[in-house]
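Reading the structure
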Amino acid sequence: MINIENLSFSYSRHTVFNNINLNLEAGKIYGLLGQNGVGKTTLLKIIGGFLKLKTGKCEVMGFTPFERNPLFFEQMFFIPEDFVAPDIVVNKYARLRGEFYPGYDENKFHKLMTEFDVNGNSKFTKLSFGQQKKALIAFALSTNTKLILMDEPSNGLDIPSKAQLRKVIAQASNDQSCIVISTHQVRDLENLIDPIIILDSNGVLLNETIDRISEKLVFRFNSKSSKECLWSESSPGGYVNVEKNNESEESRVNIEALFNATLSNKEIIRNIFNS
Amino acid sequence: MKDIFNINRFGSLLKKELSERLPIMLKIAVILSISLIGFWLTYIIFKTDPQVSSHGRTVFLLLVTYFTAVMAPFNLYKGFNHPKKGIDYISLPASVQEKFLSMLIISLIAMPLIVLTSVLMTDTAIAMINPSVFKGFIFSDNSFINSSTTSFADMIILPLFCMLGNLLFRGNKVVKTFLSIAGTYIVFILIVAFLFLYAFKDQMTEIQGLQLQIKLSVENLTELYRNEVFEGYPAIKITIAVLAVLYNIGFPVGALAGAYYRMKTIQY
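Residues numbered from 1 in each chain as written. Chains lettered and ligands numbered in written order. Predicted model: local features only at pLDDT ≥ 70, side-chain atom pairs only at ≥ 80, totals over all residues. Heavy atoms only, no water.

1. Some remarks on the packing of aromatic side chains
Stated formally: The criterion for an aromatic pair is that two Phe, Tyr or Trp rings (for Trp, the six-membered ring) have centres within 6.5 Å, with stacked assigned to planes under 30 degrees apart, edge-to-face to planes over 60 apart and tilted to the rest. Only DSSP runs of H or I reaching four residues or more are called helices, and only runs of E reaching two or more are called strands; each is numbered from the N terminus. Each residue is assigned to one of three classes by its accessible area relative to the maximum for its type, calculated with a 1.4 Å probe on protein chains only: buried under 20%, partly exposed between the two thresholds, exposed over 50%. Whether a charge sits over a ring depends on NZ of Lys or CZ of Arg being within 6 Å of the ring centre and within 35 degrees of the ring normal.
For the coordinates displayed, the defined rule picks out 24 aromatic pairs over all chains. Between Tyr-247 of chain B and Phe-251 of chain B, the aromatic rings sit 6.3 Å apart at their centres with planes inclined by 75 degrees, giving edge-to-face as the arrangement. Of this pair, Tyr-247 of chain B and Phe-251 of chain B are both found in helix α10 (residues 234–265), four residues apart, which corresponds to roughly one turn of the helix. Classification of Tyr-247 of chain B by relative accessible area gives buried; the value is 8%. Taken together through their ring pairs, the aromatic side chains of Phe-77, Phe-83, Tyr-93, Tyr-101, Tyr-104, Phe-109, Phe-124 and Phe-139 of chain A make up a single cluster. Directly above the ring of Phe-9 of chain A sits Lys-54 of chain A, whose terminal nitrogen or CZ lies 5.4 Å from the centroid. Just above the ring of Tyr-89 of chain B sits the side chain of Lys-99 of chain B; from NZ or CZ to the centre is 5.8 Å.

Below, the structure written as structure tokens:
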């Protein structure tokens, strides 16, 4: 679905990526994690065709995104972190734009709007930021595009809406589609995102499924911190320790702890997953 | 072919663009129609006779319509190159060619046409209700029927440059666009002046010696080319031809090509 080879990108003199290689497949919901400024949004924009590559190759569904072929855009939808709402009624926005997406399902849009409890007869500008976001997500999912890119989709959503978001994203995923979610709010999307991609300024630190992560690493909840572990962080009632899974233990992957462990032990993590 | 231009998709795009922009287009049309009253009041202040001739109103109508065409890109597409607002537009599944043509049609044809119709209807209504205020009808005025500028290029250059400027500049679009236009015009004038005052100084001195009247301006380069005065001066004639082509074709086509290229390659 998405093939990125030797991708390098910079803004003026600031290098964002240096030689990134990434392969994303259909039928998955990828979680894209990374520190602030590491280039998550930039990567999504390159995949979406909004930024031009400096060097390297990015191929999405057989298209070069920056060529902005309409047939590519018919199969891709980008939900930005900051959505500047147009001054138009939501239902009218959906009706006018939906014509451009061959897979657009108006009934699905209305159903999602009802589920999100957003009034489609209001203008975007009369809705709160969270409601605007939900309306846009409802439209995005009802286009039934093969690729959906979401930049911090749970930002601005209240707690019930985050649960609704998880549910609708899970329902939207199928064998032909690929969803890439860039997020800091991993707890909002835990149990949904799989595989996990962790970015660094030098490239991809990790691109693994939850199964493989739990095969290679063990996440233990102990009463005290362990000095031998890759990462240890305090948690209510104890510590979450991340260690190499030498004894094939089963454990639930704690994405936040995984993220911190990976950033703190880049080479070790790379060696663990390459072995 | 479907990725370059699809007539059905283009129709949907035009419908969507017009539908989204109609409220602002109508708002501008209403404001300019009401300004006709302001024009009448200004007329009363500076002239003792409160009756406004159809010729004066025709000039007002044509100026207002032209002004609309010039400002339309800024009013209707100002968010196109906004780092956040623009993504919604550029990611719409339509080709750059379709989006570009749609922008041209709406900015340079639809918007001025709406304003022209609105102001004309307002003027006609006032003329019918109170002929003592508005004498005669604009559409029967000779100057409206015969209205045309010296060339199509004169009409189209400024709106096209404004379209380019709107796509090129992210902040202070109007100011930067008009400063750029002024700068370009000044450079062009300087080139023309240099050529005729220095490069062709001897030939121009000869022509002046023949006591022939020549009006030298960038707007009448085509007429200048046709002037028999320069028949014996092929170098000047060729230079005028090149300048005329540059002004009448080069500038409009350059602005169009620049706007298209910007639309195709803009990054967010």
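The rest of the description comes next.
2. Some words on the sheet that holds strand β8 (residues 196–200) of chain A
All names here are of chain A. Put simply, the test is: Note on pairing: two strands pair once DSSP finds at least 2 bridges between them. In this analysis an axis means a line fitted to C-alpha atoms, helices contributing only their contacting stretch, and an angle means the value between N-to-C directions, from 0 to 180 degrees.
Reading across the sheet, the six strands line up as β5-β6-β7-β3-β8-β9 and stay open at both edges, with mixed pairing between neighbours. On the outer flanks of this sheet lie β5 (76–79) and β9 (203–208), each paired with one strand and no other. Looking at each pair of strands side by side, their axes are set apart by 15 degrees on average, direction ignored. The pairing of strand β3 (residues 28–33) with β8 spans three bridges and is parallel.

3. Looking at the interface of chain A and chain B
Under the convention used in this document: It only takes one pair of heavy atoms within 4.5 Å for two residues to be counted as in contact. A quick way to say it: buried area is the sum, across both parts, of accessible area lost when two parts are put together, with a 1.4 Å probe. Any Lys or Arg side-chain nitrogen found within 4 Å of a carboxyl oxygen on Asp or Glu counts as a salt bridge. Two N or O atoms count as a polar contact when they lie within 3.5 Å, although within protein this holds only if one can serve as hydrogen donor and the other as acceptor, and sequence-adjacent residues are included solely when both atoms are side-chain atoms.
Tallying the contact residues gives 23 residues for chain A and 25 residues for chain B. When the two sides are added together, the surface that chain A and chain B hide from each other amounts to roughly 2400 Å², 60% of it contributed by carbon and sulfur. Among the residues of chain A in contact with chain B, Arg-68, Arg-97 and Phe-100 of chain A are the three that bury the most area, contributing 27% of the side total. At the boundary of chain A and chain B, one finds three salt bridges. For Arg-97 of chain A, the salt bridge is made with Asp-88 of chain B, and the minimal N-O distance between the two is 3.1 Å. Viewed at the interface, chain B and chain A are joined by 12 residue pairs in polar contact (both at pLDDT 80 or more). Those elements that provide at least two residues to the side of chain A that touches chain B are α2 (70–73) and α3 (90–98) of chain A. Broken down by element, the side of chain A that touches chain B gets its largest block of residues, four residues, from α3 of chain A.

4. Structural notes on unusual backbone geometry
All names here are of chain A. Cis geometry marks the peptide bond from Asp-194 to Pro-195, where omega comes out at 15 degrees. If you trace the backbone, Pro-195 turns up in the loop between α7 (186–189) and β8. The backbone of Asp-117 shows a phi angle near 60 degrees, a positive value even though the residue is not glycine. You can call Asp-117 exposed: its relative accessible area is 64%. Positive phi outside glycine occurs at Asn-144, with the angle close to 55 degrees. Following the sequence through the fold, Asn-144 ends up in the loop between α5 (129–142) and β6 (147–151).

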